[in-house]
Amino acid sequence: MAAAGDPRQKLGEGREAEIFAWDGGRALRLLRDPAGRPRLEHEATAMAAARQTGVSVPRVHEIVVLDGRPGMIMERVEGTDLLTDLARRPWRFARRARQLGRLEAQLHAVVAPGGLPDLRALLRERIEWAPRLPARLRASALDVLAELPDGDHLCHGDFHPGNVIVGRSGLVIIDWTNVAHGDPIGDLARTMLLLRVAERPALSALARALDRFGRGQFRRAWLRAYRHHRPVDPQRFERWETVNAAARLAEGLHEEVPVLVELLEARLA
């Protein structure tokens, strides 16, 4: 069944979805996968829960099917993604790092609604599947994951500057594709890992800017701001970063493989 509206004006696209302008000042995020409706429903549920607690996310209007593909009609957020903003204005890095740390801590204060995927289960699946992960490191990473705690808080799953829009009223979190419930430190660890490796095409501009500014300084400023609002156990954080590094190898980003394997060798040897 097709939805009403005219999605012919494409605003952007990624590996998993296309974004179109929609009537009434809204936007349509149309998945490429015809079987992706359950994921959209998870996203919509998570975004509604975050919005109810004051976290800045687009308002979801409805889930539709267009030409056999599931889509989400949502509030259209005008602005520039923070990845682009940082690459253009690197002198704002310290301020932006503090803002992002506060925003991620605010997100992690939200108790997840029922029905979302489990973060530990998602990571286990990726680690077990990752083709570039040596068998001995796979076994060790799974052992570490087994000892990490479950959690009931909202985890974005891919929180980085490219998924934050500088809107008219402030920063807005987008792209909730990988949302889950779990230990917030596990979600934070993925963010810090992305800032460490940051070589995939979507983050290449940020990687260059981070190299100019100093990756370590940016990560430390972000983490300090986060810790001001939420406690972070250093040992638990390191274990979560380790399993996130193993799971990252399932994403097929060949340029990151040497860095990730080196990190795992150092942590799991």
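Note: the structure precedes this text.
Before going into details, it helps to say that this report is about the structure given with it. Computed from a prediction, not measured in an experiment: that's the story for all the values here. (Residues numbered from 1 in each chain as written. Predicted model: local features only at pLDDT ≥ 70, side-chain atom pairs only at ≥ 80, totals over all residues. Heavy atoms only, no water.)

Details of the side chain of Asn-163
Assignment of secondary structure puts Asn-163 in the loop between β7 (153-155) and β8 (164-167). Owing to a relative accessible area of 7%, Asn-163 belongs among the buried residues under this scheme. When sequence neighbours within four positions are dropped, the list of residues in contact with Asn-163 reads His-156, Asp-158, Val-172, Ile-173, Ile-174 and Asp-175. (Helix = DSSP H or I, 4+ residues; strand = E, 2+ residues; numbered from the N terminus. Buried < 20%, exposed > 50% of the residue type's maximum accessible area, 1.4 Å probe, protein only. Contact = heavy atoms within 4.5 Å.)

Some points on the layout of surface pockets
Considering only enclosed or pocket space, the largest pocket measures out at about 1,700 Å³ in volume. Forming the walls of the largest pocket are 49 residues, and the residues nearest its centre are Glu-16, Arg-29, Asn-163, Asp-175 and Thr-177. Secondary-structure elements contributing two or more residues to the lining of the largest pocket are β1 (10-13), β2 (17-22), β3 (26-31), α1 (37-52), β5 (69-75), β6 (79-81), α2 (82-88) and α4 (119-129). Of the residues contributing to the lining of the largest pocket, the split by class is 22 nonpolar, 10 polar and 17 charged. Put simply, the second largest pocket is a space of about 180 Å³. Taken together, Arg-51, Ser-56, Val-57, Pro-58, Glu-75, Arg-76, Val-77, Glu-78, Gly-167, Arg-168, Ser-169 and Val-172 form the lining of the second largest pocket. (1 Å grid on protein atoms, 1.4 Å probe; cavity = no way out; pocket = protein on both sides within 12 Å on 5 of 7 lines; lining within 4 Å. Points joined across faces, edges and corners; volume = space filled by probe spheres on them. Nonpolar A, V, L, I, M, F, W, Y, C, P; charged D, E, K, R; others polar.)

Considerations on the pattern of salt bridges
In this structure the tally under the stated criterion is 24 salt bridges. Between Lys-10 and Glu-18 there is a salt bridge, with the nearest N and O atoms lying 2.6 Å from each other. Judged by relative accessible area, which is 37%, Lys-10 ranks as partly exposed. Residue Asp-85 pairs with Arg-96 through a salt bridge whose shortest N-O separation is 3.2 Å. Here the residue Asp-85 occupies a position in helix α2, and Arg-96 occupies one in helix α3 (residues 93-108), the gap between them amounting to 11 residues. (Salt bridge = Lys/Arg side-chain N within 4 Å of Asp/Glu carboxyl O.)

Some words on the nonpolar core
If you look at the biggest cluster of nonpolar residues, it comprises 69 residues, and the most contacted ones within it are Leu-154, Trp-176 and Trp-240. Beyond its immediate stretch of four places on either side in the chain, Trp-176 contacts Glu-43, Ala-46, Met-47, Ala-50, Val-57, Leu-107, Leu-154 and His-156. (Core = buried A, V, L, I, M, F, W, Y, C linked by side-chain atoms within 4.5 Å.)

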